[in-house]
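# Fold and geometry: a report
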Amino acid sequence: MSDECFAKQGSKCIITSNKHCPKNCRFYKTPEKFKEDFLNTKAKLKELGILGDCQIRYAFFAKMCGKIKA
Ligand code: SF4
């Protein structure tokens, strides 16, 4: 398991069922890159005027918005 990947929690990957990180995992991102991408997506949804709707419709996304801040 890659220690640098945002998806690693303990000895598990929270977004795949992989027991070990495959070489060149397509989901690999550093925590910093994940945060940057998340905030960019959130800003884009806000720009489109649908951030509030997305937060109502997707509870987990709303939770992430509360935790991941600039
Ligand atoms: S997303 Fe890929 S690289 Fe990251 S922890 Fe999961 S399996 Fe490993």
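Residues numbered from 1 in each chain as written. Predicted model: local features only at pLDDT ≥ 70, side-chain atom pairs only at ≥ 80, totals over all residues. Heavy atoms only, no water.

## Regarding the packing of aromatic side chains
Inspection of the entire model under this criterion finds 3 aromatic pairs. Plain terms: the ring middles of Phe-6 and Phe-34 are 4.2 Å apart, the flat faces sit at 10 degrees to each other, and that makes the pair stacked. Of this pair, Phe-6 sits in the segment before strand 1 (8-9) while Phe-34 is found in helix 1 (residues 31-47), placing the two residues 28 residues apart along the sequence. Using a relative accessible area of 21% as the deciding quantity, one classes Phe-34 as partly exposed. Linked through ring pairs, Phe-6, Phe-34, Phe-38 and Phe-61 together constitute an aromatic cluster. (Phe/Tyr/Trp six-rings, centres within 6.5 Å; stacked < 30°, edge-to-face > 60°. Helix = DSSP H or I, 4+ residues; strand = E, 2+ residues; numbered from the N terminus. Buried < 20%, exposed > 50% of the residue type's maximum accessible area, 1.4 Å probe, protein only.)

## Observations concerning the site of the ligand
The ligand sits among 12 residues. The nearest are Cys-5, Cys-13, Asn-18, Cys-21 and Cys-25. In terms of residue class, the shell around the ligand is made up of 10 nonpolar, 2 polar and no charged. (Near = heavy atom within 4 Å. Nonpolar A, V, L, I, M, F, W, Y, C, P; charged D, E, K, R; others polar.)

## Details of unusual backbone geometry
We note that Asn-24 has phi near 55 degrees; this positive angle belongs to a residue other than glycine. For Asn-24, the position within the fold is in the loop between strand 2 (12-13) and helix 1.

Structural measurements only, silent on function.
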